[in-house]
Amino acid sequence: MDWALLLDKTILIVIIFAVSLGIAAYSTYGERKIAAFLQDRIGPDRAGPFGLLQPIADGIKMFTKEEIIPTASDKFLFIIGPCIFMMTALMSSAIIPWGKSFNFGGHEFSLQVADLNVGLLYLFAVVSIGGYGIMIGGWASNNKFALLGALRAASQMISYELAMGMSIVALLLINNSLSLREIVDGQAGDGNVWNVVRQPIGFLIFLICAFAECNRAPFDLPESESELIGGYHTEFSSMKLGLFLFAEYVNMFISSAIIASLYFGGYHFPGIDSLDLPQNIAAIVSIAVLFAKILFFIFFFMWVRWTLPRFRYDQLMNLGWKILIPLSIVNVLVTGAWITFFK
Amino acid sequence: MSLYLFLTLAILTIISALAVVFSKNPMYSVLWLIVCFFTIAGHYVLLNAQFLAIVHLIVYAGAIMVLFLFVVMLLNLNADTEPHKSNLTKLASAIAAGLFFVVLIASMRATELGEFNLPNKTNIGFVEEVGKKLFTDFLLPFEISSVLFLSAMIGSVLLAKKEKK
């Protein structure tokens, strides 16, 4: 075992962990500010200047609230549900290339935890396991609203995973690789454009499915408070509820990073190579570029949430099975034909 | 190193597989089965079959077990609703399982264990290699299995379709 590599990866994992949680915390603040802006309100402004300490106050509140476990619930599964959800949310960040590598006196420091040969498939595996957190939590609560929410979550995730997978297939046909680093690098350099230009329909399908997989409005059927009280997290209180809500924001952050990497050139921007920067500066610039894209997509997630009303359940299933899946299959066929005849 | 990894994984696999059978609650059985699939995926990784491992996780742990869980949750199966079996059924199943065990032991004794070495190519389980093999050496089985899936899909559509009155 190479100790330097182990140290590198440990440092990187700790940093990514902290950044994911930090961004997720401030996404809650951003969400409330944007909601307030769209609804012509002020939003949180009491804790600290401009309400900037609000996420910390919320965190303290979550941790110190009374913890209630229903007597009729399955205690072990009740506790492990939110844990699984949070764990899978954080696990998916392992394959994202966060920027170009640094060079500290000849020691290469790569900004990707694992450049897996099966990178994208790893992502799918983690996403599909994430659903268990909701299902287990909802079932263990022993509450009919929670159970309904959990069932909805499960069927929604399965339905939209299919279309998501098919939209990725078309992307793979173009990029010839499953490794995220290679997909990102394939979108830079001469003659290469961002994948969103080459795969506009695939991008739209992926985006819609990402919303559904994150359980974000307009697809937040599993928790729709007006019909199911709180859906799968009805019975949860204190930090276990916090984990569920928080993991949603982590998911949003990671999905934004994935969308930016797959379709918007990741840490590249047009002309980044012509600047001819020294390696470490280029690495910092590339990180900044990726985070600018990620923040835009987080904003986009919120923008949509506060603009569109929630789908009805049958509309959700119709959209998934009757529109997105056929469309994504056609997209794969067209892409395949285009590669066969024009390349 | 890899021997210890293998032993750990193997013991975990056996424990989780036994737990599937011995759990009173069907929900726990399903969850133990998921753990079992994870450990089997670990074995695939040890054999350099990354692609197989991850597809195993997506298909079995990610999709099929979600459906299992779905059904268990919908039917709300638990220890109270478990059907009570008569002693005759228990005896019959014990005899059947015992006979199967005997056959298994006999066939294992008859098998000759050859030397098995991992191929030196470390990229043998990569997507490219698996894809090439599927579309050259194993093209016919691959195509036939895809026809099988197609018929399964059409069958389920037919079953779900409402009959016209």
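In every chain, residue numbers begin from 1 and rise along the written sequence. Each chain is given a letter, starting from A, and each ligand a number, starting from 1, according to the order in which they appear as written. At least 70 in pLDDT is required for a residue's local features to be given in this predicted model, at least 80 for side-chain atom pairs to be given and counted, and no such filter applies to totals for whole chains, interfaces and linings, which use all residues.

So, the overall build of chain B
(1) Moving on: Helix and strand assignments come from DSSP, with helices taken as H or I runs of at least 4 residues and strands as E runs of at least 2, each series counted from the N terminus. Assigned secondary structure in chain B consists of six helices and zero strands.
(2) Moving on: Overall, chain B shows an N-to-C arrangement of helices and strands of α-α-α-α-α-α.
(3) Moving on: The burial tally for chain B puts 15% of its 165 residues in the buried class.
(4) Moving on: In chain B, of all internal contacts separated by at least 6 residues, the share reaching a separation of at least 24 is 57%. With C-beta atoms placed from the backbone, a residue counts as buried when 20 or more other C-beta atoms lie within 10 Å of its own, as exposed when 12 or fewer do, and as partly exposed for counts between those limits. Residues are defined as contacting one another if the C-beta atoms placed from their backbone atoms lie within 7 Å.

Overview of the domain arrangement of chain B
(1) Moving on: These domain limits were set by an automatic method or by a database of domain assignments. Partitioning chain B into domains gives domain 1 (1-78) and domain 2 (126-165).
(2) Moving on: One C-alpha centre belongs to domain 1 of chain B, the other to domain 2 of chain B; they are set 24 Å apart.

Some words on the interface of chain A and chain B
(1) Moving on: Listed by partner, the interface residues are 17 residues for chain A and 17 residues for chain B.
(2) Moving on: Broken down by secondary-structure element, the contributors of at least two residues to the side of chain A that touches chain B are α4 (119-140) and α5 (144-175) of chain A.
(3) Moving on: Counting residues per element, the side of chain A that touches chain B draws most heavily on α4 of chain A, which supplies nine residues.

A word on the nonpolar core
(1) Moving on: For this entry, the nonpolar core is defined as buried Ala, Val, Leu, Ile, Met, Phe, Trp, Tyr and Cys residues connected by C-beta atoms within 7 Å. Core analysis: the largest hydrophobic core is formed by 111 residues, its most contacted members being Leu-121, Ala-150, Phe-253 and Ile-259 of chain A together with Ile-54 of chain B.
(2) Moving on: By residue number, the principal contributor to this core is helix α10 (residues 238-263) of chain A, which donates 16 residues.
(3) Moving on: Residue contacts for Ile-54 of chain B: discarding those within four places in its chain leaves Val-118, Leu-121, Tyr-122 and Ala-125 of chain A.

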